[in-house]
Amino acid sequence: MRIAFDHTIATALSAEQLWRLLVQSFRNSDESPIWPHDFESVRSAQVETGALVRAVYKMPGGLRSNVTYRFALVEPGRRLRYETEPSHPLRGGGTVEVQAAQAGSLLHWHGGYDVPWRPQALFAAAFTRLYFEGKFFAALESNLRVR
């Protein structure tokens, strides 16, 4: 089984401003004005190829899930790709692209995960698809609109 996601968000920010905010978010999302804090926190020492990203997913009822990703590719100002580490219940990752647009920029965030047939992976896939994805990207879009 595989789950995929693909979201494009238009913003009035320039591509350079959007990239700076994304880097800030991935370094320490708690200090980011655009990150959906109610759903996830992320931290990385550097936003560069090979660096680890630690994420805390915030679930209903105050539950938390800690997972680790790795930046598989960082092209400053253009795109970054992250992939799950072996301890993550799912296999895969995503790509975050910043594209200049006539009236600002576009954020294109897409990717997917293979879901092994294990209880933890099935729960993670259900959480991602049924709860997290829609709420996270709606909040991100809302936060970007007010910038």
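All figures in this text were calculated on a predicted structure; none of them were measured in a lab.

(A) Looking closely at the environment of Asp6. Relative to the helices and strands, Asp6 resides in strand E1 (residues 2-11). When the C-alpha positions of Asp6 and Gly112 are compared, they lie 8.6 Å apart, and in sequence the two are 106 residues distant. Those residues within four positions of Asp6 in sequence are excluded, and the remaining contacts are His108, Trp109 and His110. A polar atom in the side chain of Asp6 sits 2.7 Å from the side chain of His108.

(B) Examining the pairing of strand E5 (residues 79-84) more closely. By the alternation rule, side chains of E5 split into Leu80, Tyr82 and Thr84, which are all buried, and Arg79, Arg81 and Glu83, of which none is buried. Here strand E4 (residues 64-75) pairs with E5 via six bridges, running antiparallel. Bridged to Tyr69 within E5 is Thr84. Two elements, E5 and strand E6 (residues 91-101), share five bridges in a ladder whose sense is antiparallel. Of the residues in E6, the one forming a bridge with Leu80 is Val96. Connecting the antiparallel pair E5 and E6 is a turn made up of six residues.

(C) Structural view of the packing of aromatic side chains. Taken as a whole and judged by the stated rule, the model has 18 aromatic pairs. Taken together, a centroid distance of 5.3 Å and an interplanar angle of 85° make the contact between Tyr69 and Tyr82 edge-to-face. Note that Tyr69 is positioned in strand E4 and Tyr82 in strand E5, a separation of 13 residues in sequence. Judged by its relative accessible area of 4%, Tyr69 falls in the buried class.

Basis of the calculations
Residues numbered from 1 in each chain as written. Predicted model: local features only at pLDDT ≥ 70, side-chain atom pairs only at ≥ 80, totals over all residues. Heavy atoms only, no water. Helix = DSSP H or I, 4+ residues; strand = E, 2+ residues; numbered from the N terminus. Contact = heavy atoms within 4.5 Å. Polar contact = N/O pair within 3.5 Å; in protein donor to acceptor, adjacent residues only side chain to side chain. Buried < 20%, exposed > 50% of the residue type's maximum accessible area, 1.4 Å probe, protein only. Pairing = 2+ DSSP bridges. Phe/Tyr/Trp six-rings, centres within 6.5 Å; stacked < 30°, edge-to-face > 60°.

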